[in-house]
Amino acid sequence: FAVQGVISILFGWYAAFTSRQDVTVLVNIVGATMLALGIVELFNLLRRAHLRETWGLALGVALIEVAVAFTLLFTNGAEPVLHLAIVAGYTVIRGVFELMIGLRAVDDSTDKFIWALTGMCGIIMGFAILNSGAQGDSIFIKYFGEYMMLYGVAELIYGEHNRDQARTLKSERKAIAKKSS
């Protein structure tokens, strides 16, 4: 989660605050970022499969991110409205995935809150991106960057929370083993 968080924050910062207006360059950067996130998600999938954890969602997310990345990279000369629709669609779909994860998280209220909040923001930002076309050709990239910064912060919080849970579980298991011996 931390790697995805850092990638997302770095991209979001660049996209939100760059003075570049060239949509072609910005779309290439979005595509490369999506490809990097997809590759990290594929490594997450391999780790989850090795640990015998569920990996179906990781596969779905990785496939969507890689598909979006290649679509953006291979349609680079197309009209900006196509890229706007692709980025908006991805953001809404990602938001729905995150909201579903949040609503299905039953044993941890922090997980539930982080995923649900990020999901709702993704859905809202996806529709904001979709409606941003009249504001200029590159403004949708800035909106997407703002969403990615939020997503990155949520990933970092979630990653740290999971690491803290793992440490707590490990210490509890040690205490139980010590009591039983």
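First things first, this report covers the structure right here in the doc.

## Some remarks on the packing of aromatic side chains
Counted by the stated rule, this structure contains seven aromatic pairs. With a centroid separation of 5.0 Å and an interplanar angle of 70 degrees, the aromatic rings of Trp115 and Tyr158 are classed as edge-to-face. Separated by 43 residues along the polypeptide, Trp115 in helix α5 (residues 109–130) and Tyr158 in helix α6 (residues 139–180) bring together distant segments of the chain. On the basis of relative accessible area, Tyr158 is assigned to the buried category, the value being 12%. Look at Phe144 and Tyr147: their rings are 6.3 Å apart centre to centre, the planes differ by 35 degrees, and that puts the pair in the tilted class. Residue Phe144 and its partner Tyr147 are located together in helix α6, separated by three residues, close to a single helical turn.

## Some words on the nonpolar core
Formed by 24 residues in total, the largest nonpolar core has its most connected members in Val30, Met34 and Phe144. For this core, the secondary-structure elements that each account for two or more residues are α1 (2–17), α2 (23–50), α3 (56–74), α4 (80–104), α5 and α6. Discounting chain neighbours no more than four positions away, the residues touching Phe144 are Phe11, Val30, Met34, Val87, Tyr90, Thr91 and Ile129.

## Let's talk about the pattern of salt bridges
The tally for this structure, following the rule as stated, stands at five salt bridges. Arg163 is the partner of Glu160 in a salt bridge, and the nearest nitrogen-oxygen pair spans 2.9 Å. Residue Glu160 and its partner Arg163 are both found in helix α6; the two are separated by three residues, about one turn of the helix. Taking the relative accessible area as the measure of exposure, Glu160 reaches 35% and is therefore partly exposed. A salt bridge links Arg167 to Asp164, with the nearest nitrogen and oxygen atoms 3.6 Å apart. Of this pair, Arg167 and Asp164 both sit in helix α6, three residues apart, which is roughly one turn of that helix. According to the relative accessible area criterion, Asp164 is partly exposed, its value standing at 38%. Here the residues in one salt-bridge network are Glu160, Arg163, Asp164 and Arg167, joined through shared partners.

Procedures and definitions
- Residues numbered from 1 in each chain as written.
- Predicted model: local features only at pLDDT ≥ 70, side-chain atom pairs only at ≥ 80, totals over all residues.
- Heavy atoms only, no water.
- Phe/Tyr/Trp six-rings, centres within 6.5 Å; stacked < 30°, edge-to-face > 60°.
- Helix = DSSP H or I, 4+ residues; strand = E, 2+ residues; numbered from the N terminus.
- Buried < 20%, exposed > 50% of the residue type's maximum accessible area, 1.4 Å probe, protein only.
- Core = buried A, V, L, I, M, F, W, Y, C linked by side-chain atoms within 4.5 Å.
- Contact = heavy atoms within 4.5 Å.
- Salt bridge = Lys/Arg side-chain N within 4 Å of Asp/Glu carboxyl O.

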